[in-house]
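Per-entry structural report
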Amino acid sequence: MGLSTIVFLVTVIFSVCMCFSQQAHVSRLHPKYPPADDEGGDSKAFFVSRDTKRIVRRLREDRTAIFRLTGNVVPSGLYFVNMSLGNPSKPYYLDVDTGSDLTWVQCDAPCRSCAKVPHPLYKLKKGSLVPDNDPLCAAVQAGSGHRRPSSQQCDYDVKYADQGSSLGVLVRDSVRTLLTKGTVMTANFVFGCGYDQQGSLAESPARTDGVLGLGSGMASLPSQWAKQGLIKNVIGHCISGEGRDGGYIFFGDDLVPTSAMTWVPMLGKPSTKHYDVGAAQMMFGNKPLDKDGDGKKLGRIIFDSGSSYTYFTSQAYGAFLSAVKENLHRKQLEQDSSDKFLPLCWRGKNRFSSVAEAAPYFKLLTLKFGSAGAKQMEIFPGGYLVISGKGNVCLGILNGSELGNLDTNVLGDISLQGHLVVYDNEKNQIGWTHSDSNCQKLPNPLNFLLNNVWR
């Protein structure tokens, strides 16, 4: 940021602060400031000068990277960011996945099996290979059985729940990213050069060039940047709801709200790399899904932005489905087994054009955490319903046991819509707040900082 820009920002903020202080009583300011003797004395100048300096200092020190999210649950089935890799930098669409650590792009190394992707394949550069003795190599290969001793390169083989897989080598290259203060940061990180994709990842045309791994392991991009001292190891995403596309995602802690967040501890770290918050009592309306009331029989809950839909354990799914059907009894909805869009769909008297039209037939799903259930996450019908091509309303919570998921409930994109969700790997906690109306626009750093200063 140039000197002229900083001077301009200071002038603007000075004007805003003067205007505010003329309209509001000085007592709204933080009590650490000296009391005002009168309405027109030097104390106002002190307030404005001190707060302006704080804002400009925070703008200079800001180290939060922010990306716009593109996509939706239906029909895309994913959310991705546009990331610039290499030098000179080139764009790549990366599927945002908090359920895995490794970031990778389809790569010409040469390519053995690659899909037709939105951009030209990443070109492997001389000297960019990560050696097998690099600590990140061990982190990526842990548990995969793909380690080759005394190799001059680090091979990886990552597999996903949908049976898609990517095989390749690790490389180190640069990435350019926008910071919240409007400047651009260029930093190095290690990611995968995928030359052999199988299953769903080999299908063409592909919507993305690869995957952005945002798990809590040391190989994820935020973990790497945090170790370099560039950011705090904090991830936040805001996925738009109510049928709107997109949202935003950030790495760093500058945009984490200081209030109105519900926080619960992450469990299982460092042994697990998933964002696990343990069991929760589940309520459909006022009806508990677990008769014992503690939710332990229903399974643990993890947050996974790489899943389009939400997947329950067989116990949780059965209880939820029973509650839904009981609620729909004698209502003007009829199950349509001919609709294969999802396992369970209902048709109404007329075609539904949006989830909002079908929502009144359903109830709130609430997750209650802690022994007293004091920490709650509310999932409105829009967080578990979609509209099919036939105009039916379909259940977007699926039976995870059919995919081999026996003891874990996975909250996917559909249930994370309309929430700002923050994964704080520094404090080992996950937080959320309802933020649907604010997910459409990238946060304005000046507005954000002013709101925090004058709170």
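Below you will find a few notes about this structure. (Residues numbered from 1 in each chain as written. Predicted model: local features only at pLDDT ≥ 70, side-chain atom pairs only at ≥ 80, totals over all residues. Heavy atoms only, no water.)

**Looking at unusual backbone geometry**
For the bond running from Asn87 to Pro88, omega is 5°, close enough to zero to count as cis. With respect to the helices and strands, Pro88 occurs in the loop between strand 2 (78-85) and strand 3 (90-97). A cis amide bond links Ser204 with the next residue in sequence, Pro205, at an omega value of -5°. Considering the arrangement of structural elements, one finds Pro205 in the loop between strand 8 (184-198) and strand 9 (210-213). Unlike most non-glycine residues, Asn428 shows phi in positive territory, near 55°. Looking at the secondary structure, you find Asn428 in the loop between strand 26 (419-424) and strand 27 (429-434). (Helix = DSSP H or I, 4+ residues; strand = E, 2+ residues; numbered from the N terminus.)

**Regarding the state of the cysteines**
Evaluation of the coordinates by the stated rule reveals five disulfides. Between the sulfur atoms of Cys137 and its disulfide partner Cys154 the distance amounts to 2.1 Å. Residues Cys137 and Cys154 are joined through a disulfide that is right-handed, its torsion about the S-S bond being 95°. One end of the pair, Cys137, is in helix 3 (residues 135-141); the other, Cys154, is in the loop between helix 3 and strand 6 (155-159), with 17 residues separating them in the sequence. For the pair formed by Cys137 and Cys154, the shared burial category is buried. Across a sulfur-sulfur distance of 2.0 Å, Cys238 and Cys439 are joined as a disulfide pair. Torsion about the S-S bond of the Cys238 and Cys439 cystine: about -65°, corresponding to left-handed handedness. Of this pair, Cys238 sits in strand 10 (residues 234-239) while Cys439 sits in the loop between strand 27 and helix 8 (445-453), and the two are 201 residues apart along the sequence. Accessibility expressed as a relative area gives 0% for Cys439, which makes it buried. Described in terms of the sequence order of its bonded cysteines, the disulfide pattern of the protein chain is 1-6, 2-3, 4-5, 7-10, 8-9. (Disulfide = S-S within 2.5 Å. Buried < 20%, exposed > 50% of the residue type's maximum accessible area, 1.4 Å probe, protein only.)

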